[in-house]
Amino acid sequence: MTPDRSVRRAAHKVVLGAFEGTELPAWLPGLVEDGLGGICLYGNNLTADPADVLALGRTLSDLAPSLVLALDEEGGDVTRLHYASGSPYPGNAVLGRADDLPTTTAVARAIGAELKAGGLWLDLAPDADINSNPRNPVIGTRSFGADPALVARHTAAWVRGLQEQGVAACVKHFPGHGDTATDSHLALPRVDADLATLRARELVPFVAAIEAGVATVMTSHIVLGALDPDRPATLSPAILTGLLREELGFDGVIVTDALDMAGASAAIGIPAAAVASLVAGADLLCIGPSLRGRGADDVLDVVDAIVAAVADGTLPADRLLDAAARVDALGAAYGTGVVPADQALVEAGRAAGRRAAAAAVDPIEALPSGSPLVVRLETGANMAVGDAAWGDLGITGATVRSTSDGVPALEELVGHDGPLVLVARSAAADAEAWTWLRMVVDARPDTLVVELGWPSPEVEALPRVVRGWGAAQPPSRAIGDTIDRARATRPGPTGEER
């Protein structure tokens with residue numbers, strides 16, 4: 001292979017592309033033949049049936065066993081396999097509150113077994129961020145907690161459980177997205193903690209993951225002034241090469257967070273961000289969910305920019321070839337094709353997750369008699385969560401209303417003859433929804449507020465709040481079961497139990 005051809009093939013190899021729709025596009029096999037590194041699946045590739053996602057994965061795997069096939073399957077709120085129904089696994093916040101390492105490992109094993117059955121072998125999980133800011137708009141319940149030691153031990157347990165099933169883990173978002181109040185999908189966050197704080201807090205889970213043998217690490221689009229005051233981590237040689245490679249000794253694949261996010265490319269565009277990230281030390285460039293819908297051109301724009309950067313000396317050829325070699329090595333280790341799922345292992349992980357979610361639910365005191373009215377506050381979610389199903393409490397005999405269909409009149413809620421339940425994710429994050437919720441609670445103090453996001457101080461101060469620490473199936477149903485039990489044991493008018 002001529003030098004020019006080897007450079008162009010390596011430029012393909014470092015790209016983690018995407019496509020629109022639920023079927024293999026006609027242009028993709030040609031890019032794979034040219035050396036494309038991989039494909040990441042997003043919400044726009046999913047149907048309501050998890051079997052379709054696995055079937056699509058197997059079709060992609062048939063193109064080349066070593067083709068990186070990635071997706072975000074964190075469990076909890078961020079799911080791709082169970083997008084339409086909500087994840088059957090609890091997220092990290094539930095697991096952190098349970099603080100039982102065998103449960104965390106069992107959940108990760110089960111997720112790995114499901115993924116491998118579809119030939120999907122790079123899971124962009126677990127989230128290793130320490131959620132030190134309770135108002136964080138993008139991490140929240142995706143985090144194991146706010147304590148570095150707790151987050152570290154559960155991150156390592158999750159990594160080991162997943163990789164035991166032949167699925168590469170990807171700890172994120174290095175060097176830490178927890179102390180932010182800005183969503184890097186939409187803008188460029190900045191963390192101003194000093195270096196001592198970063199070492200004692202943000203870096204602790206990543207060190208534990210590296211010691212556990214994690215295969216990949218994902219970058220964050222965040223400026224950490226103590227490490228690099230000018231560039232987000234994704235574009236920073238000081239952070240990716242100096243800190244992650246040289247100081248922490250990570251020798252696996254560095255994966256970028258999606259480069260279509262504003263925190264990476266708003267100022268310079270995706271191709272330029274891709275080149276800058278390679279120069280900084282990244283190996284696999286996640287370009288995002290093909291938001292322009294241009295198909296192969298989304299990938300080729302990046303490939304052309306990389307080839308041009310090598311030609312003009314902006315990107316050393318050796319740096320590109322090193323990145324491509326690391327991606328090849330990852331494929332050789334994990335790209336072993338489809339492995340049928342051990343259903344007993346999958347069910348064991350789900351059962352362990354349900355137990356953890358049930359244990360995390362706050363106790364609920366007696367509720368009014370009558371049929372419950374549940375009002376869902378549809379305030380949306382960040383782009384990592386997307387439109388995945390959430391918050392199905394499954395309360396027996398309940399009437400469920402959604403604010404997307406119009407906000408119920410206050411008089412109707414106050415006059416309802418039965419328990420009133422308001423369910424939300426990060427209830428105080430949306431100013432309009434929060435104002436309405438407080439109005440309802442002030443008018444009817446016995447209102448039960450179900451918070452399925454990370455509870456902020458304002459939510460914690462409400463008179464009646466139950467926290468689920470996630471909006472997926474296990475915490476949502478655990479709260480519904482708890483409400484049903486509170487209704488079943490409520491004393492009747494003459495003292496008898498219902």
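Residues numbered from 1 in each chain as written. Predicted model: local features only at pLDDT ≥ 70, side-chain atom pairs only at ≥ 80, totals over all residues. Heavy atoms only, no water.

### Section: the packing of aromatic side chains
- For the coordinates displayed, the defined rule picks out 2 aromatic pairs.
- Look at F174 and F206: their rings are 5.2 Å apart centre to centre, the planes differ by 90°, and that puts the pair in the edge-to-face class. Taken together, the residues span a long stretch of sequence, with F174 in strand β5 (residues 168-174) and F206 in helix α8 (residues 204-211) at a distance of 32 residues. F206 carries the same exposure label as F174, and that label is buried.
- Between W454 and W469, the aromatic rings sit 5.2 Å apart at their centres with planes inclined by 90°, giving edge-to-face as the arrangement. You can see W454 sitting in the loop between β14 (448-451) and α17 (457-460) and its partner W469 sitting in the loop between β15 (465-467) and α18 (473-488), a full 15 residues away along the chain.
- Taking the ring centre of W390 as reference, the NZ or CZ of R376 above it sits at 4.2 Å. (Phe/Tyr/Trp six-rings, centres within 6.5 Å; stacked < 30°, edge-to-face > 60°. Helix = DSSP H or I, 4+ residues; strand = E, 2+ residues; numbered from the N terminus. Buried < 20%, exposed > 50% of the residue type's maximum accessible area, 1.4 Å probe, protein only. Lys NZ or Arg CZ within 6 Å of the ring centre and 35° of its normal.)

### Notes on the nonpolar core
- Counting 94 residues, the largest nonpolar core has V14, L41, F174, V214, L285, I306 and L320 as the members making the most contacts within it.
- Among the elements that line this core, the one with the most residues is helix α12 (residues 296-311), at 8 residues.
- Setting aside chain neighbours within four positions, we find L41 in contact with F19, V53, L56, L60, A70, L71, R80 and L120.
- Grouped together as the second largest cluster of nonpolar side chains are 24 residues, A356, I364, V374 and W469 included. (Core = buried A, V, L, I, M, F, W, Y, C linked by side-chain atoms within 4.5 Å. Contact = heavy atoms within 4.5 Å.)

### So, the sheet that holds β15
- One open sheet holds the 5 strands; their spatial order is β12-β11-β13-β14-β15, and the pairing between them is parallel. This sheet does not close on itself; its edge strands, each paired only once, are β12 (399-402) and β15. Averaged over neighbouring strand pairs, the angle between their axes works out to 20° when direction is ignored.
- In the packing of helix α16 (residues 431-443) onto the sheet, the strands contacted are β11 (373-376), β13 (420-424) and β14, and the crossing angle to β13 comes to about 160°. (Pairing = 2+ DSSP bridges. Axes fitted to C-alpha atoms, helices over the stretch in contact; angles between N-to-C directions.)

### A short note on the layout of surface pockets
- Looking at the largest pocket, its volume works out to about 620 Å³.
- What lines the largest pocket is a set of 30 residues, and nearest its centre among them are N136, P137, N382, S426 and A429. (1 Å grid on protein atoms, 1.4 Å probe; cavity = no way out; pocket = protein on both sides within 12 Å on 5 of 7 lines; lining within 4 Å. Points joined across faces, edges and corners; volume = space filled by probe spheres on them.)

### Notes on the pairing of β5
- The buried fraction of β5 is high, at 7 of 7 residues.
- With 2 bridges joining them, strand β4 (residues 122-123) and β5 adopt parallel strand pairing. When the bridges of β5 are listed, D123 appears paired with A169.
- Taken together, β4, helix α6 (residues 148-164) and β5 constitute a β-α-β crossover, and its handedness is right-handed. (Right-handed = clockwise from strand over helix to strand, strands pointing away.)

### Digging into α16
- Along its 13 residues, α16 runs 18 Å from first to last C-alpha, staying within 8% of the 18 Å computed at 1.5 Å per residue.
- Buried within α16 are the following residues: A433, W434, W436, L437, V440 and V441. All buried residues of α16 lie within an arc of 165° about the axis, which places them on one face of the element. Turned more than 90 degrees off the buried face of α16, the exposed positions are A431, E432, T435 and D442.
- Its side-chain oxygen at 3.2 Å from the backbone nitrogen of E432, D430 defines the N-terminal cap of α16. (Expected span 1.5 Å × (residues − 1). Arc of directions from axis to C-beta. Polar contact = N/O pair within 3.5 Å; in protein donor to acceptor, adjacent residues only side chain to side chain.)

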